Structure formats: C-alpha cells, structure tokens
Amino acid sequence: MSLAHDARLAVRPATMAQRPARTWPEVNNPAAWIVAVILLIMPLIANGFFLIEILASTLILGTMALSLMFLAGYGGMVSLMQLTIAGFAAYMVAVFGVSGNANISLGWPWWLAVPMALTLATAFGTLGGALAVRTEGIYTIMITLAIGAAFYYFTNQNWAIFNGHTGINTVATPHFWGVNWRADIPFYYVVLAVAALCYFAVEYLSRAPFGLALQGVRDNPRRMAALGFNVNAHRVAAYAFASFVAALAGVLQVWNYRQISPGSVSVGACIDVLIIAVVGGITRPIGPFIGALIFVLLRTFALDFLVRLGLDGNRFRLLIGLGFLAIVFWSSDGVIGLWQRWRQRQRRRPDRSGGGRRHG
C-alpha cells in the first residue's frame, strides 16, 4: 500500500470536519505579507553585520530547527541529530569541493559537490531515522543524540577525511554569472529563498495526504496500521524529507562561515536546535524561525549586556537557559502559544464589555 493511501480516511472524525478550511498559502494574512515585504527590502535598510550575522544566521538555524519541527510536530518524533545531518552535509561540501586543505578536498566544482553532499547527508539522516523509528519517546531522543555524539567524536579524531579537531577551512563559495554569491546581499537572498522554499514545502506537506497520514501515525499508530498504512515507512520517509531540509541548511552554514569543524556539530549545538524549535513553537512551521531569531539575538548581544552589568560575559548561555525555562513554563507551545493566548484574551475583552453594556 502506498505511503499516502487515502490519507483523508484518517481525518474524517466530526471534530476535524467542523474545523474551518485553511487555504494554502494563506494569502489573506496581512501580517505574513508585511513580514515578506520587510525581508525582501531588508538589504536596503540594514548593514552587512545585521544582514548576515543576524538575519541570515536566523534563517539558517531556523531551517535546521524546521526539520526538527516537522518530525516532532507532525510525526511525534523528537530528533537530536538534525544538526548532525547539517554538519555532515557541510563536511561533504568541504571534502568534495574546494578548500584551503588541498590534501583533503577533491576540488569538485560547487554544482557537483553540493548535490553529492545533499544526497549523502539525506541518506545518512534516512539511515539514522530507520534506526530511530524502531524506538519511541525518550529512546528516540537518546538514539538520535547518540548518533550526534558519535559523529562529533569521529570528526574530532579522524584526520584523513575530516582533518580532526582543526576542521576544514577556507571552503570555496559559488561564483557564477559574474556574481559572488557569498557577498552579503546575494548570499542573504540565497538564504532567504532556501528558507522560504523549505517553509512552504513543510506547509504544503502538512496539508498533503502524506502529511495527514503522518499526523495520524503520530496520534494513533495502531489505528493507522489497522487501516493499512505502513507506519514505519511513513516515519522513515519523514526522516528523509527532514534530512534533506537539514542538509540544505548545512550547505548554507558552511558557505556562511567558509569552514567546518567538530565544534560546529558538538552535542551542545545539537541541543541548541531543539531549544530553538521548542522556544519558537513546535506545532507551527513559523515557530522555529521565531525561536532562531530569539536565540541569535541572545547569542549576539547577551555577552555585551552581561559585561555591562559587571558579570562574566561567558555566562550568556545562562540567559538563554532562563529564557527557555520561562517560555516553556508559561506555554507548552513556545512563543506561538503565548501569542495565541494573548490574542484570545484580546478578543474576549470586547465581547465582555459589549455584553456588560447590553445587560447593564
């Protein structure tokens, strides 16, 4: 039976039928249009530092967290190896492409190195997913974390391919059509385009038969299996798609910094991606990008803020941790959940005031 075998059968309960229909894309949302216009004209009003270190970094990290959000939000599978997959793709770009380490890099042009990196990273993530789907809950988290930790220690100790703890530096970036695509403005638009494509792909899949079936597998795998769906096949396919999204982010990341090292794929960095997804909101595709913006702003400016207060600037992660705890404590759905609760309260106030005038 195909992966998307009549996924509509899984969403026929009355509660689903009574929900208002949502169009795709949501062209009637004025806030979405305002954000899109601001992002498009941002190079006209922002300097290079804000454009790359804040916005581009936010979009890249948000894309990585988006792959985790797709697995956790729609598939109920929390994976801590998404950054590992991105790092694997980044390493493959450096190994197959051109870099300052001529004894390691093969010197392929970018248009050959990038597809090879994406293919291998997707296969790597799919294989890891095939192992992870045999577990559930905390065991899924632990096995994906173990994969991330194993990859970190392997890259740190392997010199023949990954150049050990030094990593691979001076990775070449694309130059074609007379444009240096790593220059601030062209690179920003490349990152924005990739992030937008990944965002709309996740939005589309969430409404497609495969996405609906995946959500059914998340909610009740036994019932979906009884209906004839291949539960493990759906989960592995979800890992494959999420791995491709994470691999795209990894390619952008290595182009952004022009180097890749084991520190970029450390266990702490893997957990950061989870924090980003949870803080923003793990049930909506926009959530990871909101969480990434908060994370990047804290990472960039919290150190100076602590120093001005006379504290150790290296403790900036303490602020990130406190912010994470506060948001999770007040909202299980991150910033998105807080925003929705605030909007509901604002809608109730006019109704209550209007009712008071009618009965007064």
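Thresholds, definitions, all that
- Residues numbered from 1 in each chain as written.
- Predicted model: local features only at pLDDT ≥ 70, side-chain atom pairs only at ≥ 80, totals over all residues.
- Heavy atoms only, no water.
- Helix = DSSP H or I, 4+ residues; strand = E, 2+ residues; numbered from the N terminus.
- Buried < 20%, exposed > 50% of the residue type's maximum accessible area, 1.4 Å probe, protein only.
- Contact = heavy atoms within 4.5 Å.
- Areas by Shrake-Rupley, 256 points an atom, 1.4 Å probe, with all protein chains shown as cover.
- Expected span 1.5 Å × (residues − 1).
- Polar contact = N/O pair within 3.5 Å; in protein donor to acceptor, adjacent residues only side chain to side chain.
- Salt bridge = Lys/Arg side-chain N within 4 Å of Asp/Glu carboxyl O.
- Patch = residues over 30% accessible without salt bridge, like charges linked within 9 Å, V, L, I, M, F, W, Y side chains within 5 Å.
- Lys, Arg positive; Asp, Glu negative; His and termini not counted.
- Charge placed at Lys NZ, Arg CZ, Asp CG, Glu CD.
- pLDDT = per-residue confidence, 0-100.
- Core = buried A, V, L, I, M, F, W, Y, C linked by side-chain atoms within 4.5 Å.
- Phe/Tyr/Trp six-rings, centres within 6.5 Å; stacked < 30°, edge-to-face > 60°.

**Section: the overall build of the protein chain**
Here comes step 1: Secondary structure assignment for the protein chain yields 14 helices and 2 strands.
Here comes step 2: Burial status across the protein chain gives 44% buried among its 360 residues.
Here comes step 3: Sequence separation of at least 24 residues holds for 75% of the intrachain contacts in the protein chain that already meet a minimum separation of 6.
Here comes step 4: As displayed, the protein chain has an accessible area near 18,600 Å², and 65% of this comes from carbon and sulfur atoms.

**Remarks on helix α4 (residues 82-96)**
Residues three or four positions apart in an α-helix share a direction because the helix packs 3.6 residues into each turn.
Here comes step 1: The terminal C-alpha atoms of α4 lie 21 Å apart, and with 15 residues this matches the ideal 21 Å at 1.5 Å per residue to within 8%.
Here comes step 2: Across the 15 residues of α4, 15 count as buried, placing the element largely inside the fold.

**Thoughts on the side chain of N101**
Here comes step 1: Take N101: it is sitting in the loop between α4 and α5 (110-132).
Here comes step 2: Side-chain polar atoms of N101 contact the backbone nitrogen of N169, separated by 3.2 Å.
Here comes step 3: The contact partners of N101, leaving out residues within four places of it in the chain, are N163, G167, I168 and N169.

**Focus: the pattern of salt bridges**
Pairing between side chains becomes possible if they bear opposite charge and their charged atoms approach one another.
Here comes step 1: Overall, the coordinates contain 2 salt bridges when judged by the stated rule.
Here comes step 2: Two residues, E203 and R207, come together in a salt bridge whose shortest N-O distance is 2.5 Å. A residue pair is termed a helical-turn pair when its members lie 3 or 4 positions apart in one helix, as E203 and R207 do in helix α7 (residues 184-207) at 4 residues.
Here comes step 3: A salt bridge links D219 to R218; its shortest N-O distance comes to 2.8 Å.
Here comes step 4: For D219, a relative accessible area of 56% gives the class exposed.

**Points about the environment of L338**
Here comes step 1: Inspection of the secondary structure puts L338 in helix α14 (residues 334-359).
Here comes step 2: When neighbours within four sequence positions are excluded, L338 is seen to be in contact with W330 and S331.

**Considerations on a positive patch on the surface**
Here comes step 1: On the surface, R341, R345, R348 and R349 cluster together into a positively charged patch.
Here comes step 2: Tracing the backbone through its elements, the reader meets R349 in helix α14.

**Brief notes about the side chain of E203**
Here comes step 1: A residue is classified by how much of its surface remains accessible, and E203, at 7% relative accessible area, is buried.
Here comes step 2: Polar contacts involving the side chain of E203 include one to the side chain of R207, which spans 2.5 Å.

**Overview of the confidence of the model for the protein chain**
Here comes step 1: Taken as a whole, the protein chain shows an average pLDDT of 85; of its residues, 88% reach a score of 70 or greater.
Here comes step 2: Low pLDDT, under 50, characterises residues 1-23; the predicted model gives this stretch 26 contacts beyond four residues in sequence or across chains.

**What about the nonpolar core?**
Here comes step 1: With 87 residues, the main nonpolar core has F70, M92, I168 and W255 as its most contacted residues.
Here comes step 2: The next biggest cluster of nonpolar side chains, apart from the first, holds 5 residues, and it includes A213, M224, F229 and V231.

**Observations regarding α5**
Here comes step 1: For α5, spanning 23 residues, the distance from its first C-alpha to its last is 32 Å, which sits close to the expected 33 Å at 1.5 Å a residue.
Here comes step 2: Of all the residues in α5, the buried ones are A113, V114, A117, L118, A121, T122, G125, G128, G129 and A132.

**Some points on unusual backbone geometry**
Here comes step 1: The phi torsion at T170 lies on the positive side, around 55°, for a residue other than glycine.
Here comes step 2: Position of T170 among the secondary structure elements: in the loop between α6 (138-157) and β1 (175-176).
Here comes step 3: The exposure class assigned to T170 is exposed, which follows from its relative accessible area of 57%.
Here comes step 4: Not every positive phi belongs to a glycine, and W177 is a case in point at roughly 55°.
Here comes step 5: Looking at the element boundaries, W177 is found in the loop between β1 and β2 (179-180).

**Quick look at the packing of aromatic side chains**
Each aromatic ring pair is specified by the distance between its two centres and by the angle formed by the two planes.
Here comes step 1: Considering all chains together, one arrives at 18 aromatic pairs under this definition.
Here comes step 2: When the centroid spacing of 5.6 Å and the interplanar angle of 75° are considered together, the rings of F154 and F162 count as edge-to-face.
Here comes step 3: Judged by relative accessible area, F154 falls into the partly exposed class, the value being 43%.
Here comes step 4: The exposure class of F162 is buried, given its relative accessible area of 4%.
Here comes step 5: When the centroid spacing of 5.3 Å and the interplanar angle of 75° are considered together, the rings of Y199 and F200 count as edge-to-face.
Here comes step 6: In textbook terms, an aromatic cluster arises when at least three aromatic residues are bridged by ring pairs, as seen for F88, Y91, F124, F151, F154 and F162.

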